[in-house]
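# Structural description and commentary
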Amino acid sequence: MIKLRLLSKSANSLRHSATVIFLHGSGDTGPGMREWVHEILERELEFPHIKMLYPTAPLQPYTPIEGDLSTVWFDRPIAIDMPENRKVMEKASDILRKLINNEIKDGIPVNRIIVGGFSMGGALALHAGFHLNRHLAGIIAYACFINNDSVIYETLHKASGSKFPELLMFHGSDDRVIPLAWSEHCFKNLCKLGVKGQFKTIPEVEHELEKHALEDMEQWISKKLLPLQTLESKKLD
């Protein structure tokens, strides 16, 4: 049985009313992702009413490093035109499904949960919102891609006319690991199938997080996951 190490950050002792699950890229860890975000922002990415959850992927063989063990959500070659390994992706989806269900069991409505991620984590986040659970509050996909024959496209096609989570995608213009064109291609395909969202190209940035993008992400999360008191006030207006 796979056991995930979780790292959460809450701004204060008040019970949170929403959750952001942010998934790291290949070879990283939850603590590593949180530290990277902190280093760039020079502060924590935190909200008074939102729990930030940084899980760590299981250790497993990874093809791009000749099958050596790495903390990865799933195994695949870095190639957009390769067939998607459905069995491997289902195993990764099970991990994420459990993370989402744990938050729901803890009292967080599914429409108060955002899933995001960087690189491989971003690809799994796309599976979360457009294959696993289209009732999530939103999806953040940073510097990532999905295969041309991804099960995501099949799921969206079958659910034509439905409402899907809003998408926010970022990609560095100078990314040498995952070409910008791959990410743009995925975004256009998703939009054709009914997904609504924004695609933001980050100038002169390679395969890495960037301060302005993180600040944009922070603002987007704040608007998507308003405090419950604010939502109640809007209902009364």
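Attention in this report is confined to the structure presented alongside it. (Residues numbered from 1 in each chain as written. Predicted model: local features only at pLDDT ≥ 70, side-chain atom pairs only at ≥ 80, totals over all residues. Heavy atoms only, no water.)

## A closer look at unusual backbone geometry
Backbone phi values are negative for most residues with the exception of glycine, while trans is the configuration of most peptide bonds. The condition is simple: Starting at the N terminus, helices and strands are each numbered in turn, a helix being any DSSP run of H or I of at least four residues and a strand any DSSP run of E of at least two. Using a 1.4 Å probe on the protein chains alone, a residue whose accessible area is under 20% of its type maximum counts as buried, one over 50% counts as exposed, and one in between counts as partly exposed.
A positive phi angle, close to 60°, is found at Glu42, a residue other than glycine. With respect to the helices, strands and loops of the structure, Glu42 is situated in the loop between helix H1 (30-41) and strand E3 (50-53). The backbone of Glu66 shows a phi angle near 60°, a positive value even though the residue is not glycine. Position of Glu66 among the secondary structure elements: in the loop between strand E4 (59-62) and strand E5 (68-71). Taking the relative accessible area as the measure of exposure, Glu66 reaches 76% and is therefore exposed.

## Section: the packing of helix H2 (residues 86-105) against helix H3 (residues 120-132)
Using the following cut-off: Each axis is a line fitted through C-alpha atoms, taken for helices only over the stretch in contact, and angles between the N-to-C directions span 0 to 180 degrees. When describing relative orientation, an angle under 35 degrees is termed roughly parallel and one over 145 degrees roughly antiparallel, while 65 to 115 degrees is termed roughly perpendicular and anything else oblique. Note on definitions: a residue-residue contact is assigned when non-hydrogen atoms from the two residues lie within 4.5 Å.
Between H2 and H3, the least distance of the axes is 10 Å, while the angle of their chain directions is 85°. By the angle between their directions, the pair H2 and H3 is classed as roughly perpendicular. On H3, the residues that touch Met89, Glu90, Ala92, Ser93, Leu96 and Arg97 of H2 are Leu124, His127, Ala128, His131 and Leu132.

## Thoughts on the packing of aromatic side chains
Here is the rule: Pairing of aromatic rings covers Phe, Tyr and the six-membered ring of Trp, with a centre-to-centre limit of 6.5 Å; geometry is then stacked below 30 degrees between planes, edge-to-face above 60, and tilted otherwise.
Under the defined criterion, the tally for this structure stands at five aromatic pairs. Considering the side-chain rings of Phe118 and Tyr142, the 5.6 Å spacing of their centres and the 50° angle between planes classify their relative orientation as tilted. Here Tyr142 lies in strand E7 (residues 138-142) and Phe118 lies in strand E6 (residues 113-118), a separation of 24 residues in the sequence. There is no split in this pair, since Phe118 and Tyr142 are both buried. Taken together, a centroid distance of 4.9 Å and an interplanar angle of 65° make the contact between Phe145 and Trp182 edge-to-face.

## Considerations on H2
Operational definition: Expected helix span is computed as 1.5 Å times (number of residues minus one). Each direction from the helix axis to a C-beta atom contributes to the arc, which is the arc of those directions.
When the terminal C-alpha atoms of H2 are compared, their 27 Å separation across 20 residues agrees well with the 28 Å that a helix rising 1.5 Å per residue should span. Met89, Ala92, Ser93, Ile95, Leu96, Leu99, Ile100 and Glu103 are the residues of H2 that are buried. An end-on view of H2 places all buried positions within 150° of arc, on one side of the element. Along H2, the residues that are exposed and aim more than 90 degrees away from the buried face are Lys87, Lys98 and Lys105.

## Here we look at the pattern of salt bridges
Applicable threshold: The salt bridge criterion pairs a side-chain nitrogen of Lys or Arg with a carboxyl oxygen of Asp or Glu, the two atoms within 4 Å.
Tallying each qualifying case throughout the model produces eleven salt bridges. As a salt-bridge pair, Arg34 and Glu44 come within 2.9 Å of each other at their nearest N and O atoms. Taken together, the residues span a long stretch of sequence, with Arg34 in helix H1 and Glu44 in the loop between H1 and E3 at a distance of ten residues. Assigned by exposure class, Arg34 and Glu44 land together as buried. Of the charged contacts in the structure, one is a salt bridge between Lys200 and Asp216, with a shortest N-O distance of 3.4 Å. Of this pair, Lys200 sits in strand E9 (residues 197-202) while Asp216 sits in helix H6 (residues 211-224), and the two are 16 residues apart along the sequence. Judged by relative accessible area, Lys200 falls into the partly exposed class, the value being 27%. With relative accessibility at 29%, the residue Asp216 sits in the partly exposed group. Here the residues in one salt-bridge network are Glu84, Arg86 and Glu154, joined through shared partners.

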